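Examining the three-dimensional arrangement
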Amino acid sequence: MAASPSMTIMIAAVRKAARGVQRDFGELSNLQVSVKGPGDYVTAADKRCEKVLRTELEKARPGYGFLMEESGAVKGSDPDHRFIIDPIDGTTNFMHSLPLFAISVALERKNEIVAAVTYNPISDELFTAEKGAGAFLNNKRLRVANRTDIHEALVGCGIPHRGSEGQAEHRAELALLQAKTIGLRRLGSATLDLAFVAAGRLDAFWERNLHPWDLAAGVLLVREAGGFTSDCDTDANPLQTGNIIAANADLLPLIKKELAAAKKVIGA
Ligand code: LIP
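All values derive from a computational prediction rather than experimental measurement.

**Focus: the overall build of the protein chain**
- For the protein chain, the count of helices and strands is 8 helices and 13 strands.
- Expected size for 268 residues packed as a compact globule is a radius of gyration near 18 Å; at 18 Å, the protein chain falls within 12% of this value.
- Viewed in the frame of its principal axes, the protein chain has a C-alpha envelope of about 50 × 50 × 35 Å.
- Once local pairs closer than 6 in sequence are excluded, the contacts in the protein chain between residues at least 24 apart make up 62%.
- Total accessible area on the protein chain is roughly 12,400 Å²; 53% of this is exposed by carbon and sulfur atoms.
- The distance from the centre of the 32 positive side-chain charges to the centre of the 33 negative ones in the protein chain is 2 Å.

**Comments concerning helix H6 (residues 212-224)**
- Helix length check: H6, at 13 residues, gives a terminal C-alpha distance of 18 Å against a target of 18 Å (1.5 Å per residue), a fit within 8%.
- Of all the 13 residues making up H6, 11 are buried; the element is thus mostly covered by neighbouring parts of the structure.
- Three or more residues of H6 are buried, namely Trp213, Asp214, Leu215, Ala216, Ala217, Gly218, Val219, Leu220, Leu221, Val222 and Glu224.
- Immediately downstream of H6, the backbone of Gly226 shows phi near 90°, a positive value.

**Considerations on the site of the ligand**
- What surrounds the ligand is the set Asp89, Gly90, Thr91, Thr92, His161, Arg186, Gly188, Ser189, Ala190, Glu207, Leu210 and Asp214.
- A distance of 2.7 Å is found between an oxygen atom of the ligand and a side-chain nitrogen or oxygen belonging to Asp89.
- Take Thr91: an N or O atom from its main chain is 2.9 Å from an oxygen atom of the ligand.
- Here the ligand has 370 Å² of accessible area as a free molecule, and 85% of this is covered by the chains.
- Here the ligand occupies the largest pocket.
- Among the domains, domain 1 (5-141) and domain 2 (150-266) are the pair contributing at least three residues each to the shell around the ligand.

**So, the domain arrangement of the protein chain**
- Here the domain parsing of the protein chain yields domain 1 (5-141) and domain 2 (150-266).
- Domain 1 and domain 2 are separated by 22 Å when their C-alpha centres are compared.
- Tallying the contact residues gives 35 residues for domain 1 and 21 residues for domain 2.
- A buried area of about 1,900 Å², summed over both sides, lies between domain 1 and domain 2, and 67% of it is on carbon and sulfur atoms.
- For the pair domain 1 and domain 2, the number of links is 1 salt bridge.

**A word on the sheet that holds strand E13 (residues 244-247)**
- Read from one edge to the other, the open sheet built from 5 strands follows the order E10-E9-E11-E13-E12, with strand pairing classed as mixed. Each having just a single partner strand, strand E10 (183-185) and strand E12 (228-230) make up the two edges of the open sheet. Each adjacent strand pair in this sheet contributes to an overall mean axis angle of 20°, direction not counted.
- Inspection of the sheet shows strand E9 (residues 154-157) paired to strand E11 (residues 204-207) by 3 bridges, in the parallel sense. Bridging from a neighbouring strand, Gly156 pairs with Phe205 of E11.
- Docked against the sheet, helix H5 (residues 190-198) engages E11 and E13, running at close to 155° with respect to E11.
- Packing against the sheet, H6 makes contact with E12 and E13, and its axis sits at approximately 140° to E12.

Quick notes on the rules
Numbers given to residues run from 1 along each chain, matching the order in which its sequence is written. Confidence filtering applies because this is a predicted model: local features only for residues at pLDDT of at least 70, side-chain atom pairs given and counted only at 80 or more, and all residues used for totals across whole chains, interfaces and linings. To get the side-chain values, all heavy atoms of the structure are used, and hydrogens and water are removed first. The helix and strand labels rest on DSSP assignments: H or I over at least four residues marks a helix, E over at least two residues marks a strand, and numbering proceeds from the N terminus. The globule rule used for comparison is 2.2 Å times the number of residues to the exponent 0.38, while the radius of gyration itself is calculated over C-alpha atoms. Contact criterion: two residues are considered in contact whenever any of their non-hydrogen atoms come within 4.5 Å of each other. Each accessible area is a Shrake-Rupley result for a 1.4 Å probe, and residues are judged covered by the shown protein chains and nothing else. Charge assignment in this entry is limited to Lys and Arg as positive and Asp and Glu as negative, and neither His nor the chain termini are counted. All charge positions are set by atom: Lys at NZ, Arg at CZ, Asp at CG, Glu at CD. Each helix should span, by expectation, one fewer than its residue count multiplied by 1.5 Å. Only protein chains enter the area calculation, which uses a 1.4 Å probe; residues under 20% of their type maximum are buried, those over 50% are exposed, and those in between are partly exposed. A single heavy atom is enough: if one lies within 4 Å of a molecule or strand, its residue is considered near that molecule or strand. Polar contacts, as used here, are pairs of N or O atoms within 3.5 Å; protein pairs need one atom able to donate a hydrogen and one able to accept it. Residues neighboring in sequence count only if both atoms are side-chain atoms. Only protein atoms enter the 1 Å grid, on which a cavity is a set of points fitting a 1.4 Å probe that cannot get out and a pocket is an open set with protein on both sides within 12 Å along at least 5 of 7 lines, lining residues being those with an atom within 4 Å of a point. Here the criterion for a molecule occupying a pocket or cavity is that more than half of its atoms lie within 2 Å of the pocket grid points. The domain limits used here are those given by an automatic or database domain assignment. By definition, the buried area sums, over both parts, the 1.4 Å-probe accessible area that each loses when the two are put together. The rule for a salt bridge is simple: a side-chain nitrogen of Lys or Arg has to be within 4 Å of a carboxyl oxygen of Asp or Glu. A pair of strands is treated as paired once DSSP finds two or more bridges between them. Convention adopted: a line fitted to C-alpha atoms gives each axis, helices being fitted over their contacting stretch, and angles between N-to-C directions are expressed from 0 to 180 degrees.

Below you can see the structure in the form of C-alpha cells.
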C-alpha cells in the first residue's frame, strides 16, 4: 500500500533530521575523552534534531500541535492533530557512542495514534506503520513473533534510572522473568524495543515509567504487526500510564502474570 501524504511528510522530516544526528554521532568519539564529558553536546544534538523535525512538520502541516520531549506541548490551531516527537530515544546509548537509539515521530488524530516512524540513523532501519495498513521495516512487511511458550521467549525490558522509583519491584520482576524466559535484553531505547517486537526480533517487552514520546510510535508499530500492548498491571492505556507490555496475544498475559507475581513478592 502506498504511504499516505502524512507518512511521506513524516519520513522526509525524519530523514532530514537524521543527517544532523549522524554527523553529531560521528563527532562524539572525539568528545569521549574530555573531562567534562559529552553531556552538553548530546543535549544540544537532541535539541537540534527536535528543531529540524518541528520546522519540517510545521511547514507541511501548519495547524497541527506538538508534544516533544525537549520542548513540551505546543497547541496547534487544529485541535484534532498533533505530532508526538522523541528526537533521540536512547540518549544514554547515544552519549556512549552505542548505536542503539532512534528518532521517533508519531501522528495522533483525535487521541489515537494513526501513523508512526521510528528510524535508527546508524543502522539505516526505518520502521513505519499506519493504522489499518500494516507495519514495515524499510518497506518489508513486519509480523510479531508467533512463539507462545514463555520458556522460549526473548524478552526486552527497561531498568529504572539510579534513584528513581520502583527499584525493588523491578528487581523482583527481573528475577521472575529471568527464571521463566530464554533470556532478557536491556537495549536502552523503548521505541526501538517496540519496533523490535513488531519485527519479531524480541518476543515481548516491558518497561515502566515511560513518557508518551517513548511509546507513541512503537505502540502502533506493534499493533500493525499483529501484536498487542497493555499497561503492566491494569487495562488502562499504556500511553497514559507510561507502563507497557508488548507481545503477541499468547505471551502478553503470561508476562503480565509474572509482573503481578513480582508485586506479591515485594508485598506491593
Ligand atoms: C531511556 C529512554 C528509553 C528507555 C530507557 C531509558 P535515555 O532514557 O529514553 O526509551 O527504554 O529505559 O529510560 O537513555 O534516553 O535517558
